[in-house]
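# Close look at the chain arrangement
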Amino acid sequence: MSLQDIQSGIQKACKACGRRPQDVNLIAVSKNQPLEAILPVLEAGHRLFGENRVQDAQERWDPLREKYDDIALHFIGHLQTNKARDAVALFDCIQSVDSARLADALANEMQKQNRNLPCFIQVNTGEEPQKSGIAPRDLEALLRHCRENAGLSVLGLMCIPPEDEIPDMHFALLHKLAGQLDLPHLSMGMSADYEIAIRYGATHIRVGSALFGIRENKNTV
Ligand SMILES: *Cc1c(COP(=O)(O)O)cnc(C)c1O
C-alpha cells in the first residue's frame, strides 16, 4: 500500500468514530526495510519514522538526516541500558520505557547530552512473559518513578498486543490506564489493526509492512 492509502485509511477510521485525522500520528516503521522502500515515503514528505534497533537505526538514519534534516525518529523496540547513550543521541522519542533502571539510564544520558526526549511507557497488556513492557499493576509506580525520581517527560503509553488475540481488549485497557493516569498519548495499532486502535483512541499508530511491504525477516519484533 502507498502512504496515501494508509492516510486515507486513517481518515476513514477517524471519520467512523468522530475523531480528527490530525490527532493520529502515523509512525512509519522502517526497521529492516531496504532504502528503496523508504525513499519514496520520504520524497512524499513523510517525516515520522520508527525503529526498534539502535545500531540499525544509526546506520540508516545518520546519513539520511544530512539530506532530510527535519526527520523525527521514535524508538519502539526493547532498549538495553548500555544503549541508552546512543538512543538518546539519535532518537526524538523513546516509546519503550519499561523499568526504573532504564528510566534512570535515559535520564542520566539526557542530562549529559542536554536533550529532553519525550517518553512513553510500554505496557505488557497481555502479561506475556517473553514480552517487554511493565505489567499493568506496576505501571503507576513506574510512572511515578519516571517523573519524580528520573525527571522524564512521560507523555503516554505504548503496547503491543499478543499476536494470537484480537487486539480490542488490549487497546481498551491501554486507553483506560492512560485515562486514569491522565496521559494524553496512546501508541497502539500496527499494520493489521491500526483502524481498530484509532477507534480506541490511538494518537500514534506504528505501521511497517502495510506501508513498506514485507520486511527482510532479520528481527521482526
Ligand atoms: C515492527 C513493529 C511495528 C510494525 O509492525 P507491522 O505489522 O509491520 O506494521 C510496530 N510496532 C513495533 C513495536 C514493532 O516492532
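This section reports on the structure supplied with the text. A quick note: this is a predicted structure, and the numbers were derived from the prediction, not measured.

### Section: the packing of helix α2 (residues 35–43) against helix α3 (residues 54–67)
As a packed pair, α2 and α3 sit with axes 13 Å apart at the nearest point and diverge in direction by 30 degrees. Read as a crossing pair, α2 and α3 show a hand that is right-handed. Judged by residue contacts, L35, I38, L39, L42 and E43 of α2 engage R60, W61, L64 and K67 from α3.

### Let's talk about the site of the ligand
With respect to spatial proximity, 12 residues lie near the ligand, and among them K31, S191, G208, S209 and R215 are the closest. Contact between the ligand and K31: an oxygen atom at 2.6 Å from a side-chain N or O atom of the residue. A distance of 2.8 Å is found between a nitrogen atom of the ligand and a side-chain nitrogen or oxygen belonging to R206. Contact with the protein chains covers 94% of the free accessible surface of the ligand, which is 390 Å². Grouping the constituent residues of the shell around the ligand by class yields five nonpolar, four polar and three charged.

### Topic: helix α1 (residues 3–17)
Count 3.6 residues to each turn of an α-helix, and residues three or four apart come out pointing the same way. Taking 1.5 Å as the rise per residue, α1 with 15 residues should run 21 Å; its terminal C-alpha atoms sit 22 Å apart, in good agreement. For α1, the full list of buried residues reads L3, I6, G9, I10, A13 and C14. End-on, the buried residues of α1 take up no more than an arc of 130 degrees, which puts them together on one face. Counted as exposed and oriented over 90 degrees from the buried face of α1: Q4, K12, K15 and A16. Check the buried side of α1 and you find it contacts β1 (25–29), α2, α8 (194–199), β8 (204–207) and α9 (209–212). Positioned one or two residues after α1, G18 has a phi angle of 70 degrees, which is positive.

About the criteria used
Residues numbered from 1 in each chain as written. Predicted model: local features only at pLDDT ≥ 70, side-chain atom pairs only at ≥ 80, totals over all residues. Heavy atoms only, no water. Axes fitted to C-alpha atoms, helices over the stretch in contact; angles between N-to-C directions. Helix = DSSP H or I, 4+ residues; strand = E, 2+ residues; numbered from the N terminus. Left-handed = near helix turned anticlockwise from the far one by under 90°. Contact = heavy atoms within 4.5 Å. Near = heavy atom within 4 Å. Polar contact = N/O pair within 3.5 Å; in protein donor to acceptor, adjacent residues only side chain to side chain. Areas by Shrake-Rupley, 256 points an atom, 1.4 Å probe, with all protein chains shown as cover. Nonpolar A, V, L, I, M, F, W, Y, C, P; charged D, E, K, R; others polar. Expected span 1.5 Å × (residues − 1). Buried < 20%, exposed > 50% of the residue type's maximum accessible area, 1.4 Å probe, protein only. Arc of directions from axis to C-beta.

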